[in-house]
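Spelled out from the first residue to the last, the chains are:
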Amino acid sequence: MNTLEKIKREYYSVLNTQELKKSELDYTILEKQVPFLDQMAKVKNSGLTVFDLAKKEHVYSSFNLANLFGYNLDNIDTNYYNSKVHPKDLISLMNTGIFALKKLYKLPIEERKNYKLQNEYRILNSQNKYIRIIEQFQTLELDKHGNFWLALSTMDISPNQEQYDGVRSQWVNIITGDVSVIQFDIDKNKKLSNRENEILSFINDGKLSKEISNELSISVHTVNTHRQNILKKLGANSSIEAIKFAKNLNLV
């Protein structure tokens, strides 16, 4: 059994932790949501899907998914969609999904709609080119016992199309705005060097490039080069984000 198959098995094992009784689920609730979802897709021009945790399948997909990716996903199938995700990214996404489900299951029922998972990853379009997309998951409906039933996915083309090989994930409290960075896919061949770790520690202390250059007796240009390498290796867009990633990985 390869790594992906092991992770898939674990993912579905966690998914099945809940006891959703199909006979108790009222699917007219989803039917009432569809006009709202269609309008949301039209206004935001985002691709929307709804995943049914009881049926373990997508039960809704918005009309504009084909326009976003260049192929027909009107009746999206999980296996077909996963086949379009970059193989390395898919492993990270499955790990992230396991993490998110475990977090959600521990939440009090009244807080279970207060969080969303945001992933940025690579997917193959109809031109056979990998593009980066941003996908956000959040609870759409709970069953009458407070179990997670319907999950809403919102997909957009990422404005950030640089060649970053990996997944960026965040766990967001939509009420407070608190964000936790999730990182499973850091490349072992791209670990920070001793100098980069040293500079990252200075950044964490709030020091500017000029101050770091004085501390280490190196040029500002060299410091800034190290800073750019740190961002690239950690897949971060800013020093603040790099610090969050580094703390999550126990680097600082």
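Quick note: structure is the one above.
Within every chain, residues take consecutive numbers counted from 1 along the sequence as written. It should be noted that, the model being predicted, local features are given only for residues of pLDDT at least 70 and side-chain atom pairs only at 80 or more, the latter also being counted only at that level, while totals for whole chains, interfaces and linings use all residues. Side-chain metrics rest on all non-hydrogen atoms present in the structure, leaving aside hydrogens and water.

Caption draft 1: Seen up close, the pattern of salt bridges. The term salt bridge refers to a pairing of a side-chain nitrogen on Lys or Arg with a carboxyl oxygen on Asp or Glu at a separation within 4 Å. Overall, the coordinates contain 6 salt bridges when judged by the stated rule. Across the pair Asp89 and Arg122 runs a salt bridge whose closest N-O atoms are separated by 2.8 Å. Of this pair, Asp89 sits in helix H5 (residues 87-106) while Arg122 sits in strand S3 (residues 115-124), and the two are 33 residues apart along the sequence. By the burial criterion, Asp89 is buried, and Arg122 matches it. Where Glu120 meets Arg132, a salt bridge forms, and the shortest distance between an N and an O atom there is 2.7 Å. Of this pair, Glu120 sits in strand S3 while Arg132 sits in strand S4 (residues 130-142); the two residues are 12 residues apart in sequence, bridging distant segments of the chain. A single salt-bridge network, built from bridges that share partners, covers Glu120, Arg132 and Arg168. The secondary structure listing takes helices from DSSP runs of H or I that are at least 4 residues long and strands from runs of E that are at least 2 residues long, numbered from the N terminus. The classification of residues rests on relative accessible area computed with a 1.4 Å probe and restricted to protein chains. Under 20% of the type maximum is buried, over 50% is exposed, and intermediate values are partly exposed.

Caption draft 2: Seen up close, the layout of surface pockets. Both cavities and pockets are sets of points on a 1 Å grid over the protein atoms alone; in a cavity a 1.4 Å probe fits but cannot get out, in a pocket the set is open with protein on both sides within 12 Å along at least five of seven lines, and lining residues sit with an atom within 4 Å of a point. Grid points are joined across faces, edges and corners, and a volume is the space filled by probe spheres set on the points. Each pocket or cavity is described by its volume, and for the largest pocket that value is around 750 Å³. Elements with a minimum of two residues in the lining of the largest pocket: helix H1 (3-15), strand S1 (47-52), helix H4 (78-84), H5, S3, S4 and strand S5 (148-157). The element contributing the most residues to the lining of the largest pocket is H5, with 7 residues. Per-class residue counts for the lining of the largest pocket are 24 nonpolar, 10 polar and 3 charged. Here the nonpolar group is Ala, Val, Leu, Ile, Met, Phe, Trp, Tyr, Cys and Pro; Asp, Glu, Lys and Arg are the charged ones; every other residue, Gly included, is treated as polar.

Caption draft 3: Quick look at the environment of Ser201. Along the chain, the position of Ser201 falls in helix H6 (residues 194-204). Classification of Ser201 by relative accessible area gives partly exposed; the value is 33%. Sequence-wise, Ser201 and Asn128 are 73 residues apart; in three dimensions their C-alpha atoms are separated by 41 Å.

Caption draft 4: Fine view of helix H7 (residues 209-216). For H7, the complete set of buried residues consists of Ser209, Ile212, Ser213 and Leu216. An end-on view of H7 places all buried positions within 100 degrees of arc, on one side of the element. Turned more than 90 degrees from where H7 packs its buried face, Lys210 and Asn214 sit exposed. Looking at the buried side of H7, the elements it contacts are H6 and helix H8 (220-234). Once H7 finishes, Ser217 follows within two positions and takes phi at roughly 60 degrees, a positive value. The arc under discussion is defined with respect to the helix axis, by the directions toward the C-beta atoms. We call two residues contacting when some pair of their heavy atoms lies within 4.5 Å.

Caption draft 5: A look at the sheet that holds S1. The rule for pairing is simple: two strands pair if DSSP sees at least two bridges between them. Read from one edge to the other, the open sheet built from 7 strands follows the order S2-S1-S5-S4-S3-S6-S7, with strand pairing classed as antiparallel. Pairing within the sheet leaves two strands with one partner each, and these edge strands are strand S2 (57-61) and strand S7 (179-182). Between one strand and the next, the sheet's axes are offset by a mean angle of 25 degrees, whatever the strand orientation. Pairing of S3 with strand S6 (residues 168-173) involves 6 bridges; the strand directions are antiparallel. When the bridges of S6 are listed, Gln118 appears paired with Gln170. Between N-to-C directions, angles cover 0 to 180 degrees, with each direction set by a line fitted to C-alpha atoms, over the stretch in contact for helices.

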